[in-house]
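Descriptive analysis of the structure
So the chains spell out like this:
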Amino acid sequence: MDSDVPSPEVAASVDSVTQDLQNQSLGMDGGDGKNSIRGKLKLEDLNWDHSFVRELPGDQRSDTIPRQVMHACYTEVSPSAEVENPQLVAWSESVAELLDLDPKEFERPDFPLIFSGASPLVGVRSYAQNYGGHQFGFWAGQLGDGRAITLGEILKSKSERWELQLKGAGKTPYSRFADGLAVLRSSIREFLCSEAIHNLGIPTTRALCLVTTGTYVTRDMFYDGNPKEEPGAIVCRVAQSFIRFGSYQLHASRGKEDLQIVRALADYAIRHHFPHIENMSKSDSLSFSTGNEEHSVVGLTSNKYAAWIVEVAERTASLVARWQGVGFTHGVLNTDNMSILGLTIDYGPFGFLDAFDPSYTPNTTDLPGRRYCFANQPDIGLWNIAQFASTLQAAELINDKEANYAMERYGNKFMDEYQATMTKKLGLPKYSKELISKLLNNMAVDKVDYTNFFRLLSNIKVDPSIPEDELLHPLKAVLLDIGKERKEAWINWVKSYVQELAAGGCSDEQRKASMDSVNPKYVLRNYLCQSAIDAAEQGDFSEVRRLLKLMERPYDDQPGMEKYAGLPPAWACRPGVCMLSCSS
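Not measured: the values here are computed from a predicted model. (Residues numbered from 1 in each chain as written. Predicted model: local features only at pLDDT ≥ 70, side-chain atom pairs only at ≥ 80, totals over all residues. Heavy atoms only, no water.)

Re the pairing of strand E7 (residues 148-157)
For a regular strand, the rule is simple: side chains alternate between the two faces of the sheet. Worth spelling out the cut-off: Residue exposure (1.4 Å probe, protein chains only): buried if accessible area is under 20% of the type maximum, exposed if over 50%, otherwise partly exposed. Each helix is a run of DSSP H or I of at least 4 residues and each strand a run of E of at least 2, with the numbering of both proceeding from the N terminus. Note on pairing: two strands pair once DSSP finds at least 2 bridges between them.
In terms of burial, E7 is a largely internal element, 7 of the 10 residues being buried. Both strand E1 (residues 48-49) and E7 contribute to a ladder of 2 bridges, which runs antiparallel. Its bridge partner being in E7, tryptophan 48 is matched across the sheet by isoleucine 154. Bridge count for E7 against strand E8 (residues 160-167) is 8 bridges, and the pairing is antiparallel. Paired with glutamate 153 across the strands is glutamate 163, a residue of E8. Connecting E7 to the next strand, E8, in antiparallel fashion are 2 residues.

Here is the structure:
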């Protein structure tokens, strides 16, 4: 596989943001498409379809012996996790509504058996997907669904299908040396964060329900030779598709014989998930000058694959910009964790920023290099798009010019979205690079809580009569232990900020309402997850359910819940809370 990084010219448009964040790090050292009618379907009434299995080449074998699976996009396997008296921990009302599923179904005695895979649903045709990927910048070869088993697709209409997948359901041919299982700890994190990210307005895979298996799983959480027994669990994940960049990369890496699979998989994705591209006509006039050379034009209507990668690039750029806006760090941005639909996918060692640190990585596996730290996410998104583009080039679906244009569009889209996001977060009339750069530098130097700072910022008033020594009062809860010099730096910044606000002519009340609608009060901080995990491991699932409910309305004040917006306690800094490994 070609793992060259994007050229400096292509990367230029994200460099400035990335460099600013990295510089600040160094400075620290000195809508979900709901149906209008509430669903009333029973599980037996779900309309299953199996287009992925039906339309793409599959493995000739169905055993789960770890092996290289050649010339196939999937292997048909059944859930095999050992189950003893499984329990339903929690379920998402909005995902049930998305699937038109009757809420009473979750009260069924056999529901935990069904969603642990112990009691198969009629109509499913389960399989594990085959894919590869770059892990931490290096080509890893075949990876695949090592513990996730897709049950099939629920068809709601000709244009709407949802895949249901059980994560932690047992071995597949892609499990390698692992057991194909998941523990309660990581399953709670995935379940809660899938729904929390969705409610922040960021594209993501969803989670229908979480069940315990009633059995124990051995895990070495820190890879330090001290494994322990942990409760097993299974999450039912939901997405329109779980296809990743790595789904294409694997087949392109295997040479000429498998390049036709890359094309078949591209055709499948466009047909089912990008039908507007399939239906493009010449009248759409989707032609663009690349700006690199005279008369150099990319005509997207003449090549659907070029139009497709441009849209994938733009969706990815938009996704990363939204992560940066709320301070979310994915933790493992390998190409096998990149969705072609621009969804947040595969919640492992993720983390929301507490004290602002651009070099923050929640992943112990990513130390000391911090490849996937918060500041690097924009560039990594571009690097991953470059790998995806080289895959389509290898299959002769796009040419160099089209690949470069897709990467150029990534950069432009990211900057457009990031600037718009930060402008809204600050309630500014227009984007100000200097003001925002100084702010982020101040936040990094003083380790200011990211979420709480932006939430409190809406309380700043445009009032010239406020004395200088009172300018910081609205921010005092987050500007802790700052000395005279730093206080002066913050006062100067607030003065500049108020001047920018005054130029916009918006009332304080209007601006506060607007800013509070984009700056969440509640995010799923790692220590909140850990509190829910600690209780759940003792059999008390109430905190999981409380957090699920809380995260449904992250932008609302929710009186009585203020403690969930508080600064992290001292114990939140310990390994296993603020940082985790890729182990589950």
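Some details on the packing of aromatic side chains
For clarity, the threshold we go by: Note on aromatic pairs: the rings of Phe, Tyr and Trp (six-membered ring only in Trp) are paired at centre separations within 6.5 Å, and the planes decide the class, stacked below 30 degrees, edge-to-face beyond 60, tilted for the rest. For a ring to carry a charge above it, either NZ of a lysine or CZ of an arginine must fall within 6 Å of the ring centroid while also lying within 35 degrees of the normal to the ring plane.
Taken as a whole, this structure holds 28 aromatic pairs when the rule is applied. The interplanar angle of 65° and the centroid separation of 5.5 Å between the aromatic rings of tyrosine 248 and phenylalanine 388 together place this pair among those described as edge-to-face. Placement of tyrosine 248 in helix H6 (residues 245-253) and of phenylalanine 388 in helix H10 (residues 377-394) is noted, with a sequence separation of 140 residues between them. When its relative accessible area of 0% is taken as the criterion, tyrosine 248 is described as buried. Each residue in the set Phe356, Phe374, Tyr450, Phe453, Phe454, Trp490, Trp493 and Tyr497 is aromatic and connected to the rest through ring pairs, giving one cluster. The residue whose ring lies beneath arginine 371 is tryptophan 383, and the NZ or CZ to ring-centre distance is 4.7 Å.

Some thoughts on the side chain of serine 318
Quick note on the threshold: In protein, a polar contact means a hydrogen-donor-capable atom and an acceptor-capable atom, both N or O and within 3.5 Å, with residues adjacent in sequence counting only if both atoms are side-chain atoms; elsewhere, any N or O pair within 3.5 Å suffices. In what follows, a contact means two residues having at least one pair of non-hydrogen atoms within 4.5 Å.
Secondary-structure assignment places serine 318 in helix H9 (residues 304-326). Classification of serine 318 by relative accessible area gives buried; the value is 9%. Here glutamate 417 takes part through its side chain, which lies 3.3 Å from a polar atom of the side chain of serine 318. Excluding residues within four positions of it along the chain, serine 318 makes contact with Lys413 and Glu417.

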